[in-house]
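Here is how the chains run, residue by residue.
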Amino acid sequence: MEKVNTLSQNVDVNDKHAADLDQALSVAGFGWYNVKYCLTLALFLISAIIEPVGYSYLLPAAKCDLNMSDSQRGIISSIPYLGVVLTSFPWGYLVDTRGRKKMIIYSSLGVGGFSVLSAFMPEMISFTICKTLSAICLACPAAVPYTFIGEIIPLKYRDVTLSVTNALQIMGSGLVPLLAWGILPLDFRVDFGAYEFRSWRLLCIAYACFFFLSTFLLSFGPESPKYLVSQGKHDEALKVLQIMYAENKGKSPDTYPVKRLNMPTVNKEKTSFLNSLKVQTLPLLKPPYFKWLVLNGFLLFGIMASLNGLYMWVPDVLNRVFSGSGGNQLTACGVIAQRVEAATDDTVCDDTIEPITFIINSISSTSCALIAVFVSVLVKFIGKKTLLIAVYFIIGTFCILINFVTEQFVFATLLSSLTLTGLGLGPVNAFTVQIFPTHLRGMAVSLTMMLGRSGSVIGTNVAGLMINAACEATFYSFGGLLILCGLLAFILPRAQPPAISKKTYSVRL
């Protein structure tokens, strides 16, 4: 009997070619198709982290032009995360009901467009309004690419791919100080009357351009096959799988062994918006999913409170420490306290950033990115749960040690290592993709990210208030939060074994 050999199965071509979606993905294999679309989707995640992290350089450079106080900077810095928290729910609904690709493209154009517009705003209020409109669109490209990636990757490669994607996002965050280093020192002023166009405005535009690039690349790609199946569009899903198979195997799409997808019937009756929203949400608020929603949300809360909240102040803190006096006799908090006491009301506004700040952040971001890539490759051997727990405990301990270090460069190393907290995003999202079914997955990822992003909002403002008033308590609090998350991570389920990739099945025509 004639056989067609695939990567991991032998499919009987004289039987009917039917398979479920995970089997069909396994037959399509992993290759160039998956790599190029994962890189494209990773670019959205990179764009989504550049936008808020970029505030850590934009706002110190813009504080004199926009007349911002430290407390106002803290509030404005939290706007992207607050926007994600408030809009994750509706974006999750739209993604599950209108499509992954379409919503990612529309939302990214919104983020990029309003961010470019903010670069031309003359004062703080109009700048804040534009950034708020941009933040409303940010939730989708900041979370949904994880879902999309998980739905185009065979189960066997899913955990590793999500971890590597997460490492690429960390690597992308390294572009923030590099771009700032290349643009902010430029000494030019273009007089527009109401304001002067300076280098920080150009940097704002440069950060926004990543959204336009990623949108352009994704516009050529197809929709997620899992989303198409969830909408009852089996033929369209099969075409996507055929393309995937052809590009991965270097064969004609017609030779794809699977000819029919075994999927449950989809109810196509039109329902009202509220009923549809109820169907998408209520199952997540009941057993068995509610406990996982809360747990994954809190684990992301701990990561983002440190990664986006405390880390947002890293360039400012480094700038204060390395431009201050005290040598190696004082801890970082001692130097900060010294500078706070020396400040007076008539101090001239200074928006310069020390070159050493750019250098340290660029080196640390690049180093952390390389470490992230290396660790992500190892996740297949150590497991995503082990990686997650290790990240929480190691970075939490580093955070606490900051209070005891008097050597400036050791302090800078410990503080800069906060970037590695981002290694936990991939595993937590991988668990979310594993735990929740396809028709609830987009909403689940969005809601857990919403809970996580609330940590960014709280972390940014708490760190901004506490750095001056209770510096040591700041690092004890954030370090303790990470260690608590590490203990809770033991509750997570075991990873699903990729048994499907080893299964031999027959299909009938």
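Reading guide: rules and limits
Sequence order sets the numbering: in each chain, residues are counted from 1 along the sequence as written. Selection of residues for local features in this predicted model requires a pLDDT of at least 70, selection of side-chain atom pairs for listing and counting requires 80 or more, and totals for whole chains, interfaces and linings are taken over all residues. By convention in this description, side-chain values take in all heavy atoms of the structure and omit both hydrogens and water. Runs of H or I in DSSP of at least four residues are treated as helices and runs of E of at least two as strands, each being numbered from the N terminus. pLDDT measures the predictor's confidence residue by residue and takes values from 0 up to 100. Note on contacts: a residue pair is in contact if any heavy atoms of the two residues lie within 4.5 Å. Disulfide assignment relies on a single distance test, namely cysteine sulfur atoms paired within 2.5 Å. Only protein chains enter the calculation, and the probe is 1.4 Å; a residue is then buried if its accessible area is under 20% of its type maximum, exposed if over 50%, and partly exposed in between. Take a side-chain nitrogen of Lys or Arg and a carboxyl oxygen of Asp or Glu: if they are within 4 Å of each other, that pair is a salt bridge. Geometry is summarised by axes, namely lines fitted to C-alpha atoms with helices restricted to the contacting stretch, and by angles between N-to-C directions that run from 0 to 180 degrees. The crossing is said to be left-handed when, going from far helix to near helix, the turn is anticlockwise and less than a right angle, and right-handed when the turn is clockwise. Amino acids outside the nonpolar list (Ala, Val, Leu, Ile, Met, Phe, Trp, Tyr, Cys, Pro) and the charged list (Asp, Glu, Lys, Arg) are all regarded as polar, and Gly is one of them. Any Phe, Tyr or Trp ring, taking Trp's six-membered ring, that has another such ring centre within 6.5 Å forms a pair; planes under 30 degrees apart are called stacked, those over 60 apart edge-to-face, and the others tilted.

Undergrad: Provide a residue-level description of unusual backbone geometry, including the pertinent values.
TA: Glycine aside, negative phi is the norm for most residues, and most peptide bonds take the trans geometry. Backbone torsion omega between Pro287 and Pro288 reads 5°, so that peptide bond is classified as cis. Within the fold, Pro288 resides in the loop between α13 (273-281) and α14 (290-310). Located in the positive-phi region is Asn67, a residue other than glycine, with phi close to 55°.

Undergrad: So, the confidence of the model for the chain: which residues are in play, and what are the values?
TA: Low-confidence regions, as indicated by low pLDDT, have predicted coordinates that should not be scrutinised in detail. Averaged over all residues, the pLDDT of the chain is 82; the fraction at 70 or higher stands at 88%. Taken as a whole, residues 1-15 scores under 50 in pLDDT and shows 43 contacts with residues more than four places along the chain or in a different chain. For the stretch residues 497-509, pLDDT sits under 50, and the model shows 46 contacts to residues farther than four places along the chain or on other chains.

Undergrad: How would you summarise the state of the cysteines if you had to cite specific residues and measurements?
TA: What we call a disulfide is simply a covalent bond connecting the sulfur atoms of a pair of cysteines. Going through the model one piece at a time under the given rule, you end up with 1 disulfide. Free cysteine: Cys204, not disulfide-bonded; nearest cysteine sulfur from Cys130 at 9.2 Å. Judged by relative accessible area, Cys204 falls into the buried class, the value being 1%.

Undergrad: With reference to specific residues and values, describe the pattern of salt bridges.
TA: Per the stated rule, a full pass over the model turns up 9 salt bridges. Linking Asp65 and Arg198 is a salt bridge whose minimum nitrogen-to-oxygen distance equals 3.0 Å. Note that Asp65 is positioned in the loop between α3 (55-62) and α4 (70-98) and Arg198 in the loop between β5 (196-197) and α10 (199-218), a separation of 133 residues in sequence. You can call Arg198 buried: its relative accessible area is 14%. Put simply, Arg189 and Glu196 hold a salt bridge, and the shortest N to O gap is 2.7 Å. For Arg189, a relative accessible area of 51% translates into the label exposed. If you follow the salt bridges from partner to partner, you end up with Asp22, Arg158 and Lys226 in one network.

Undergrad: Before we move on, could you go through the packing of helix α20 (residues 425-435) against helix α21 (residues 438-469) and cite the residues and values that matter?
TA: Relative to each other, α20 and α21 sit at 145°, their axes nearing to 9 Å. Considering only the axes of α20 and α21, their crossing is right-handed. For the pair α20 and α21, the contacting residues are Asn429, Thr432 and Val433 in the first and Arg441, Ala444, Val445, Thr448 and Met449 in the second. Classifying every residue of the contact of α20 with α21 by side-chain character gives 4 nonpolar, 3 polar and 1 charged.

Undergrad: Can you break down the packing of aromatic side chains residue by residue, with the values?
TA: Using the criterion set out here, one finds 13 aromatic pairs in the structure. On the basis of an interplanar angle of 75° and a centroid distance of 6.4 Å, the ring pair of Phe404 and Tyr476 is categorised as edge-to-face. Pair noted here: Phe404 is in the loop between α18 (384-401) and α19 (408-416) and Tyr476 is in helix α22 (residues 471-488), with a separation of 72 residues, a long-range link. With relative accessibility at 39%, the residue Tyr476 sits in the partly exposed group. Grouping aromatic residues by their ring pairs yields a cluster made of Phe120, Phe188, Phe192, Tyr195 and Phe197.

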